[in-house]
Structures are given as structure tokens and as C-alpha cells.
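# Fold and contact review
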Amino acid sequence: MAALGWLTHRRRSATARSVLAGEASAEAARKSTQELSEREPAFPVPGDERAAAFFDLDNTVMQGAALFHFGRGLYKRKFFDTRELARFAWQQAWFRLAGVEDPEHMQEARDSALSIVQGHRVSELQSIGEEIYDEYMAERIWPGTRALAQAHLDAGQRVWLVTAAPVEIATVIARRLGLTGALGTVAESVDGVYTGKLVGEPLHGPAKAEAVRALALAEGLDLSRCAAYSDSHNDIPMLSLVGHPYAINPDSKLRKHARRMDWRLRDYRTGRKAAKVGIPAAAGVGAVAGGTAAAIALHRKRR
């Protein structure tokens with residue numbers, strides 16, 4: 001009986017200590033949360049009409065490059081032949097595996113797109129863009145980034161896409177996501193028909209920062225109260241322009257820069273390899289491997 005009493009006493013004592021530990025842990029968590037909220041005020045700030053958010057598109061809002069998905073849709077509609085498709089597929093496979101933009105590939109893709117749409121009506125491409133969004137892009141939107149954009153919208157702020165993709169397709173994506181609008185590369189048109197030339201240069205790198213600065217001036221925005229989101233070190237000029245820069249699914253150069261500058265980071269990719277090289281893990285290893293194999297096969301066929 002004495003032994004049983006000793007065991008009962010130990011159980012009761014252990015229970016009391018557990019309760020004490022639980023209460024102490026809860027109090028520490030409460031204080032930690034309070035201190036965090038005091039250090040980091042709510043963002044975005046509701047009702048701040050002079051604040052807005054600017055989101056890069058490729059690999060920030062959407063897995064992969066919009067221009068390549070657009071090319072797939074145009075091929076399906078016989079805008080060009082298998083040889084051009086091989087080029088689009090190869091560039092897209094490289095982009096997905098490397099997780100960063102290659103200037104040469106992007107330039108080739110833009111040149112191909114311009115030659116393909118030359119002579120077609122702007123209204124025709126806008127209509128096709130709606131269909132291509134449903135076919136190739138809707139399922140590739142990052143839910144995490146979409147939620148960030150929605151937080152700005154819910155706070156009463158305007159949200160724009162800022163991308164090197166054609167402004168027509170960027171506008172379609174922005175509208176489908178319920179965003180304010182889009183800044184994109186402008187292809188020259190005369191009487192509603194594409195000429196095969198650009199107006200100025202692609203909206204890439206420093207050009208994005210200039211577009212954001214011009215829009216902010218026109219809209220009466222205070223850039224120190226605005227936010228910008230991107231995955232690429234090429235967008236450091238745009239990110240540096242605002243008071244709240246975010247690195248989303250960042251490439252290695254942007255990750256290092258963001259850490260050095262104490263910028264906030266968000267990574268919606270999962271898996272060790274995805275975090276390392278930027279593969280959209282939600283697409284699955286099989287999808288990436290399949291896409292690469294298809295690209296290689298088409299490349300060999302072209303040769």
C-alpha cells in the first residue's frame with residue numbers, strides 16, 4: 001500500500017508540474033505574439049489609398065513563364081510549326097529546371113512571339129489570351145502569392161502585375177485574378193494590327209522600376225508605403241523602389257540580396273530540390289521530367 005501511495009503521489013505531482021509547464025508556455029507564447037505585433041505593425045495597412053502592390057508574374061504569381069505558355073496556346077491554334085514549338089518547349093524546360101530567367105532565352109522567345117503575331121489583329125490575340133489562360137495558366141497560379149495579392153485588395157489597395165510578358169496577356173491574367181491591372185511589354189500595332197515591333201524595349205529589369213515609378217506618379221502613390229514582390233534578382237531595381245520589398249520563391253542571387261537587406265522572404269515551393277533550384281514542386285517531378293523529355297525529343301526531331 002505504501003508503494004501504491006508513493007506512485008499515486010508521483011502521478012499527482014507530475015500532473016501538477018505539467019499544468020504549470022503548460023501555463024508557463026501559454027504565457028510565453030502570448031507575450032511573444034504581443035512583442036511581435038508591436039515590432040511588426042499590421043501590413044498591408046487597411047484604407048491606405050496611397051499604398052499599392054506590384055507583383056512580378058513569372059515564377060512569382062505563376063509557375064513558369066507566361067510567354068512560353070502563350071506560345072503553347074498559339075501552337076495549338078496553328079500560329080506556327082513544330083520547329084518553333086521545340087524552341088518554346090526547350091526554353092520553358094530550361095526555365096523550370098534552372099528557376100531563373102536567361103536573358104538570351106527570353107530575347108529569343110520575345111523575337112519568336114513578335115514574328116508569330118505580326119499581321120494579326122490585337123483583338124484576336126486578346127480573345128485567344130482568355131482561352132490560353134484557362135488551358136495553361138489558371139492551374140499554375142501560386143496560392144500563396146495569390147493570397148498576398150488578395151490581402152492588399154481586401155485592405156482597399158490597388159494591385160498591379162508588372163511583367164515582361166505582352167501587356168495583352170498580362171491584362172487577361174490580372175483581370176482573371178481580380179487585380180487592378182497590369183504593366184507589360186507593349187507590341188507596336190497600327191490600325192489594330194501588330195507590326196512585329198516593340199514600343200521601346202521589353203519591360204524587364206530597370207524598365208520595370210521606371211514603369212512603377214511612372215504609374216505611382218500618375219496615380220498619386222507614395223512608394224515608401226507600397227509593396228513589391230518578385231522571384232528574380234533582375235527585379236532588384238523595382239524591389240528597391242518601394243518601402244516593402246518581398247522576395248517570393250527567390251533565385252539564389254535575390255535570396256542573398258534579400259537577406260543582406262533584411263527584406264522579407266516567402267517561398268511557396270515545397271521540397272528540398274525545389275527550394276534549391278526553383279522547380280515548381282506543385283507541378284510534380286513527373287511533370288517536369290515529362291516536359292523536359294518532350295522538349296529534348298522535339299529538339300532532336302528538329303535536327
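Just above sits the structure.
Residues numbered from 1 in each chain as written. Predicted model: local features only at pLDDT ≥ 70, side-chain atom pairs only at ≥ 80, totals over all residues. Heavy atoms only, no water.

## Some details on the pairing of strand β1 (residues 52-55)
The side-chain alternation of β1 yields two buried faces, one formed by Ala52 and Phe54 and the other by Ala53 and Phe55. Across four bridges, the pairing between β1 and strand β2 (residues 158-166) is parallel. Bridging from a neighbouring strand, Phe54 pairs with Trp160 of β2. Bridge count for β1 against strand β6 (residues 227-230) is three bridges, and the pairing is parallel. Directly across from Phe54, in β6, lies its bridge partner Ala228. (Buried < 20%, exposed > 50% of the residue type's maximum accessible area, 1.4 Å probe, protein only. Helix = DSSP H or I, 4+ residues; strand = E, 2+ residues; numbered from the N terminus. Pairing = 2+ DSSP bridges.)

## A few points about the sheet that holds β6
One open sheet holds the six strands; their spatial order is β3-β2-β1-β6-β7-β8, and the pairing between them is parallel. Each end of this open sheet is capped by a strand with a single partner; those strands are β3 (181-185) and β8 (264-266). For this sheet the average axis-to-axis angle between neighbouring strands, irrespective of direction, equals 20°. Two strands pair when backbone bridges link them, and β2 and β3 are joined in this way by four bridges, in the parallel orientation. By the bridge assignment for β3, Trp160 is matched with Gly181. Sitting on the sheet, helix α7 (residues 167-176) is in contact with β2 and β3, with an inclination near 145° to β2. (Axes fitted to C-alpha atoms, helices over the stretch in contact; angles between N-to-C directions. Contact = heavy atoms within 4.5 Å.)

## Digging into helix α8 (residues 206-219)
Given a rise of 1.5 Å per residue, 14 residues ought to cover 20 Å, and the 20 Å separating the end C-alpha atoms of α8 matches this to within 8%. Every buried residue belonging to α8 is among Ala207, Lys208, Ala209, Ala211, Val212, Leu215 and Ala216, and all of these are buried. Among the structural elements, β1, β2, β3 and α9 (236-241) are those in contact with the buried residues of α8. Positive phi shows up at Gly220, right after α8, with a value of about 70°. (Expected span 1.5 Å × (residues − 1).)

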